[in-house]
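# Structural features, examined
Each chain, written out:
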Amino acid sequence: MGYRLFLVILGVIHKNIVMKLNEMDKQTLSQRGTSVEKIESQLRMLRSGFPYLHVLCAATPGNGILQLTDEERKHYERIWKDYLADGARVIKMVPASGAASRMFKDLFAFAAESSDAPDTDFIREFCERIHCFPFFDRLDAKCEELYGKSIDGLFDEGRRRDVVKALVSDKGLAYGAMPKALLPFHRHGQDTRTALEEHLAEGAQYAKGTDNIVHVHFTVSDEHRQAVENLLKTSVPDMEKVYGVRYDVSLSVQKPSTDTVALAPDGELYREDGSLFFRPGGHGALIENLAEIDGDVIFIKNIDNVVPDSKRDSTIEYKQVLGGLLVETARKIRHYAGELHTSLPSRPELDEMLGFLRERLCISTDKAARMDDLELADFLMCKLERPIRVCGMVRNEGEPGGGPYIVYDNEGTSAPQILESTQINPKAPDTPRLLKEATHFNPVDLAVITTDSSGARFDLKDFVDQSTGFISSKSHKGTEIKALELPGLWNGAMSDWNTIFVEVPADTFNPVKTVNDLLRPAHQE
């Protein structure tokens, strides 16, 4: 289904929508900075669903994904280092608001059982290698506090569930209720570092400005903001001494105005105690936080994908490579945009720009040959003057994550996009081929520029494809509801960005999705 048809259908549905809002509802919306029109739009989406995207093919090496030679990597590293030396303001943005509940899901399940005997490979590995976790000493002390015995003593008595409860329960360390940012991820000698502290360390190694300042921005949940601020107060001075830098750390929370409503089983807006029920709209809501960050280049990376200093060489190298490629691309785009702003270039010059779109940005259209010079210039200006992102892509080795594809827009122009499987029609005859041909997936490793050729910041909401959200079924207090997820930050929220995919090595991607992932070699000093 095309986007225009989707909008037409929404218009028809809109005529039949009767949304019952009382005065308390309207007051709630006003307090949250949300309009009635926005809620109507969300209700339409919940009732009608979203169209699948028109996918041309999977992006692969040589067809949408760049594979860089050693010489090219060195070239882009030099560009990046020179760019920093010229005084560029670089910011590292880390979405860090997610809770760690899924990380400890298996431990919660074990703690709720009646038997102390490990009944899965996951629990057996957790128990057998418990001394290797960075939080072992804290957990050991908590066990002494709660039970008067050490972990080893409890294990000798077969009390494994008590140890697990000491880690995840509210009476224990309560790690399952904490954000990943605050969890110990690695040992450093006799000390440990949280995920947040490791991102501070990483930023010092590729994003330090000529003023010796490292700018880092974390998006956090409102309920954990104070705890994050407390950690920063104690850790930043120490990190500054270790790396010989100064940190400028900022925080933001997901805006209440980006929360979404849900649908009850009867098809009406779900309510809780008579009030409209809102839930976070997913990481796509962070496009508004990104839009407020003032930087020449912004790196985006998830909180749980970080390694200790001794395992970080590859990460630093490829961050510089992504940054250098981004800078070189932006300079070329701004050169072409400047020419288009000042006069109508000749046809050969326009064709050169069209070749740049095709070869560097992987944007193609069959209509260009039928355009006159003025039409082609307008088309080029529209495609060039957009936010830019360079995205690292790793070989697909079974890790979860969206993938790189080449997708048609509603005008028939194809361009790179990062898709989730839910955006591809499972019943389309070519879907098995598309999925089989996919070789890479998205590790959320982005370098972006959000300013235009004049240096003014784009309004990033203008580049979101609102038709690329999705609906999920959730159980809330025993009721099955339909929840609306906004277009993902690196998916539909960046749908209309200029995009370059670059292959990066697997050792730059080391996510911690479960607690046992901390036992992988990349997370062990």
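First, a word on scope: everything that follows refers to the structure included in this document. Sequence order as written defines residue numbering, which begins from 1 separately in each chain. Predicted model: local features are reported for residues with pLDDT of at least 70 only, side-chain atom pairs are reported and counted for 80 or more only, and whole-chain, interface and lining totals are derived from all residues. Note: side-chain values were computed over all heavy atoms of the structure, leaving out hydrogens and water.

### Let's talk about the layout of surface pockets
Two kinds of site are reported from a 1 Å grid over the protein atoms alone, namely cavities, where a 1.4 Å probe fits but cannot get out, and pockets, open sets with protein on both sides within 12 Å along at least five of seven lines, and residues are called lining when an atom falls within 4 Å of a point. Grid points are joined across faces, edges and corners, and a volume is the space filled by probe spheres set on the points. Size it by volume and the second largest pocket reaches roughly 880 Å³. Those elements that place two or more of their residues in the lining of the second largest pocket are strand E1 (54-58), helix H15 (373-384), strand E15 (403-408), strand E16 (414-419) and helix H16 (431-437). Here the element with the most residues in the lining of the second largest pocket is E16; it accounts for six residues. Under the grouping applied here, Gly and all other residues not named as nonpolar or charged are polar, the nonpolar ones being Ala, Val, Leu, Ile, Met, Phe, Trp, Tyr, Cys and Pro and the charged ones Asp, Glu, Lys and Arg. Looking at the lining of the second largest pocket, its residues break down into 22 nonpolar, 16 polar and nine charged. Helical segments are the DSSP runs of H or I of at least four residues, strand segments are the runs of E of at least two, and each set is numbered from the N terminus.

### Topic: the packing of aromatic side chains
The rule is short: rings of Phe, Tyr and Trp, with Trp giving its six-membered ring, pair when the centres are within 6.5 Å, and they are stacked under 30 degrees, edge-to-face over 60, tilted in between. A complete count under the given rule lists eleven aromatic pairs for this structure. Consider the rings of Trp80 and Tyr83, whose centres lie 5.5 Å apart with planes at 35 degrees: the pair is tilted. Here Tyr83 and Trp80 lie together in helix H4 (residues 70-85), a separation of three residues that amounts to about one turn. Think of it in three bands: with a 1.4 Å probe and only protein chains considered, a residue is buried below 20% of the maximum accessible area for its type, exposed above 50%, and partly exposed in between. Overall, the relative accessible area of 0% leaves Trp80 in the buried class. Geometrically, the ring pair formed by Tyr206 and Phe299 is edge-to-face, given 5.2 Å between the ring centres and 75 degrees between the ring planes.

### Concerning empty space enclosed by the protein
Counted according to the given criterion, the structure contains one cavity of 30 Å³ or more. If you add up the space inside the largest cavity, you get close to 50 Å³. Along its surface, the largest cavity is lined by Ala330, Ile333, Arg334, Leu384, Glu385, Arg386, Ile388, Thr451, Asp452, Ser453 and Phe458. Per element, the largest residue contribution to the lining of the largest cavity is three residues, and it comes from helix H13 (residues 313-342). Considered class by class, the residues forming the lining of the largest cavity number five nonpolar, two polar and four charged.

### Structural notes on the packing of H13 against H15
If you want to describe how two helices pack, look at the angle between their axes and the distance between the axes. Under this scheme, a helix contributes an axis fitted over its contacting stretch, all axes are lines through C-alpha atoms, and angles between N-to-C directions fall in the 0 to 180 degree range. The interhelical angle for the contact between H13 and H15, taken along N-to-C directions, is 140 degrees, at an axis separation of 10 Å. Of the possible angle classes, the one that applies to H13 and H15 is oblique. As for the relative orientation of H13 and H15, their crossing is left-handed in sense. In this structure, H13 contributes Ile333, Tyr336, Ala337, Leu340 and His341 to the contact, and H15 contributes Ala377, Leu380, Met381 and Leu384. A class-by-class count of the residues in the contact of H13 with H15 yields eight nonpolar, one polar and no charged. For this classification, under 35 degrees means roughly parallel, over 145 means roughly antiparallel, 65 to 115 means roughly perpendicular, and everything else is oblique. Put simply, a crossing is left-handed when the front helix is turned counterclockwise from the back one by less than a right angle, and right-handed when it is turned clockwise. Any two residues whose heavy atoms approach within 4.5 Å are treated as being in contact.

### Describing the environment of Asp116
Within the secondary structure, Asp116 is located in the loop between helix H5 (105-111) and helix H6 (121-128). A C-alpha to C-alpha distance of 8.5 Å links Asp116 and Asp162, two positions 46 residues apart in sequence. Each residue touching Asp116, except ones within four places of it in the same chain, is listed here: Phe110, Gly158, Arg159, Arg160, Arg161 and Asp162.

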